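# A structural walkthrough
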Amino acid sequence: SRFGKLININFSSNGAITYGSIEKYLLEESRVVAQDEGERNFNIFYQLCEHLKQSGDKDAKHLDPSCVTYLNMTGCLEAGWDEHAKFIETVAAMKQLGIKEVEK
C-alpha cells in the first residue's frame, strides 16, 4: 500500500486511555522525485500530459513524458492503458465525489 496510518493514543497518569486519533498519510511522497527501477511516477502526471496533448494545448509539446525528467527517470513510460481515457475517468470520479471545477 502507498498509504499509511499513524495511530496516536494518549493515556492519563493512571494508564487509562483519554484520547485517540488515526491519521492517514502518503508513504511515497519521495516518489515524485525518485522512482524504483521499472516504476513510473504517479499516473495522474502521465494522464494530464496525454490529455493536454489531445486537447491541442499549445504547450503540450513541452509535456511529453519522455522529455520530463521527473516522469522519465527509469525509462518506464508505458502503463498498458489509454492515459487519456484514464484522465477522463479520473475527472468523472472527481465530479462524483463533489470536487468543484476550480479545485480540480
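Right, let's talk about the pattern of salt bridges for a bit. In a structure, side chains of opposite charge can pair up when their charged atoms sit close to one another. Within this structure, the stated rule accounts for 3 salt bridges. Residue Glu50 pairs with Lys53 through a salt bridge whose shortest N-O separation is 3.7 Å. Here the residue Glu50 and the residue Lys53 both occupy positions in helix H1 (residues 43–54), the gap between them amounting to 3 residues, near one helical turn. By relative accessible area, which is 53% here, Lys53 ends up exposed. Among the salt bridges present, the one from Glu89 reaches Lys86, with a minimum N-O distance of 3.8 Å.

Okay, helix H2 (residues 83–96) next. Each α-helix turn comprises 3.6 residues. Residues three or four places apart therefore point the same way. If you check H2, its first and last C-alpha atoms are 20 Å apart, about what 14 residues at 1.5 Å a residue would give, namely 20 Å. Summarising the contacts, the buried residues of H2 are in contact with H1. Of the residues that open H2, the one with a side-chain oxygen 2.9 Å from the backbone nitrogen of His84 is Asp82. Looking one or two residues past H2, Gly98 carries a phi angle of roughly 85 degrees, positive in sign.

Before going further, it helps to spend a moment on a nonpolar patch on the surface. Residues Val32, Val33, Ile44, Phe45, Tyr70 and Met73 make up a contiguous nonpolar surface patch of roughly 480 Å² in combined accessible area. Within the element layout of this structure, Val32 appears in the loop between strand E2 (17–26) and H1.

Put simply, H1 and H2 touch, their axes get as near as 8 Å, and they point 105 degrees apart. Looking at the two axes, H1 sits roughly perpendicular to H2. Two secondary-structure elements touch here, H1 through Asn43, Ile44, Tyr46, Gln47, Leu48, Glu50, His51 and Gln54 and H2 through Glu83, His84, Lys86, Phe87 and Thr90. Per-class residue counts for the contact of H1 with H2 are 4 nonpolar, 6 polar and 3 charged.

With that out of the way, let us pick up the confidence of the model for the protein chain. For the protein chain, per-residue confidence averages 83 on the pLDDT scale, and 92% of positions sit at 70 or higher. Least confident of the elements in the protein chain is strand E1 (residues 3–11), whose mean pLDDT is 82; most confident is H2, at 91.

What follows is about the packing of aromatic side chains. This model, assessed by the stated rule, comprises 1 aromatic pair. Taking the ring centre of Tyr46 as reference, the NZ or CZ of Arg40 above it sits at 3.9 Å.

This part covers the environment of Gly75. Here Gly75 is to be found in the loop between H1 and H2. Classification of Gly75 by relative accessible area gives partly exposed; the value is 47%. Taking C-alpha positions, Gly75 is 14 Å from Phe42, a pair spaced 33 residues apart along the chain.

Below, the discussion takes up the environment of Ser12. Position of Ser12 among the secondary structure elements: in the loop between E1 and E2. In terms of polar contacts, Ser12 uses its side chain to reach the side chain of Asn14, at 2.3 Å.

What counts and what doesn't
Residues numbered from 1 in each chain as written. Predicted model: local features only at pLDDT ≥ 70, side-chain atom pairs only at ≥ 80, totals over all residues. Heavy atoms only, no water. Salt bridge = Lys/Arg side-chain N within 4 Å of Asp/Glu carboxyl O. Helix = DSSP H or I, 4+ residues; strand = E, 2+ residues; numbered from the N terminus. Buried < 20%, exposed > 50% of the residue type's maximum accessible area, 1.4 Å probe, protein only. Expected span 1.5 Å × (residues − 1). Contact = heavy atoms within 4.5 Å. Polar contact = N/O pair within 3.5 Å; in protein donor to acceptor, adjacent residues only side chain to side chain. Patch = residues over 30% accessible without salt bridge, like charges linked within 9 Å, V, L, I, M, F, W, Y side chains within 5 Å. Areas by Shrake-Rupley, 256 points an atom, 1.4 Å probe, with all protein chains shown as cover. Axes fitted to C-alpha atoms, helices over the stretch in contact; angles between N-to-C directions. Parallel < 35°, antiparallel > 145°, perpendicular 65-115°, else oblique. Nonpolar A, V, L, I, M, F, W, Y, C, P; charged D, E, K, R; others polar. pLDDT = per-residue confidence, 0-100. Phe/Tyr/Trp six-rings, centres within 6.5 Å; stacked < 30°, edge-to-face > 60°. Lys NZ or Arg CZ within 6 Å of the ring centre and 35° of its normal.

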